[in-house]
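Architecture and fold: a report
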Amino acid sequence: GYVVGSQLDGSGLARLNRLQGANSTWELLGFSVPRVSAISFDPSNASRVFLANGNGLVRSLDGGATWRIVTPWQVTEAQDIMVDPNDVNAIYAATAYGIWGSQDGGDSWLRLTPTDMMDDYTQSLVVDHTQRGRIIAGQEGGVRISDDRGATWQETTLRGIEVMEVAQDARRGGHFLAATLHDGLYRSTDGARTWSAIP
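Now for a look at the structure at hand. Because the structure is a prediction, the values reported are computed rather than measured.

**Focus: the overall build of the protein**
Helix and strand counts for the protein stand at 0 helices and 18 strands. Per-residue burial over the protein gives 44% buried out of 199 residues. Across the protein, contacts joining residues at least 24 apart in sequence account for 36% of those joining residues at least 6 apart. For the protein, the accessible area works out to roughly 10100 Å², and carbon and sulfur atoms hold 52% of it.

**What to know about the pairing of strand β16 (residues 176-180)**
Burial of β16 is one-sided: the residues Phe176, Ala178 and Thr180 facing one way are buried, the residues Leu177 and Ala179 facing the other way are not. Direction of pairing for strand β15 (residues 163-168) relative to β16: antiparallel, over a ladder of 5 bridges. Bridge pairing in β16 links Glu165 to Ala179. The sheet contact formed by β16 and strand β17 (residues 185-188) spans 4 bridges and is antiparallel. Of the residues in β17, the one forming a bridge with Leu177 is Arg187.

Calculation criteria
Residues numbered from 1 in each chain as written. Predicted model: local features only at pLDDT ≥ 70, side-chain atom pairs only at ≥ 80, totals over all residues. Heavy atoms only, no water. Helix = DSSP H or I, 4+ residues; strand = E, 2+ residues; numbered from the N terminus. Buried < 20%, exposed > 50% of the residue type's maximum accessible area, 1.4 Å probe, protein only. Contact = heavy atoms within 4.5 Å. Areas by Shrake-Rupley, 256 points an atom, 1.4 Å probe, with all protein chains shown as cover. Pairing = 2+ DSSP bridges.

As structure tokens, this is what we get:
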């Protein structure tokens, strides 16, 4: 585990410079951070990169040469981050304390899940590539969806089960998979609203 104040040599984001089998070389980008959980980038500008890590969310505007923490102190234990491919200024983050969002490219952040929402530990996010502002969240208590950029949330039929990862089919946008901690794999074919176990 990470101890506050300990050395973080070799942690953070690494880039493969040359693929040459056993002689492949990796370069550490930016400053060292405790535990990088996820990476996302602007599909229209690959130099704009976001990392979810133990102490919040960091952003680079120059392809990893320099980095800046962009979230307030309340955002910690970030698990996942997604840039909306339909609106690259909209970024959404899953954390141990709910879901946060930015509509200005990461300059400012708001908590999107109400503080009284049960099971708000969120492990995974998908921003629907077929619909702007639609978010699917894999949480401690199941899968929830928002069709309005996180302003409101609805439960799905997958509830009471801890979800570790949600993925959207790249070709069939209404098809999703959810991997759970103890209950196997689930499938949805109606835009993540109803789910069935995969035997």
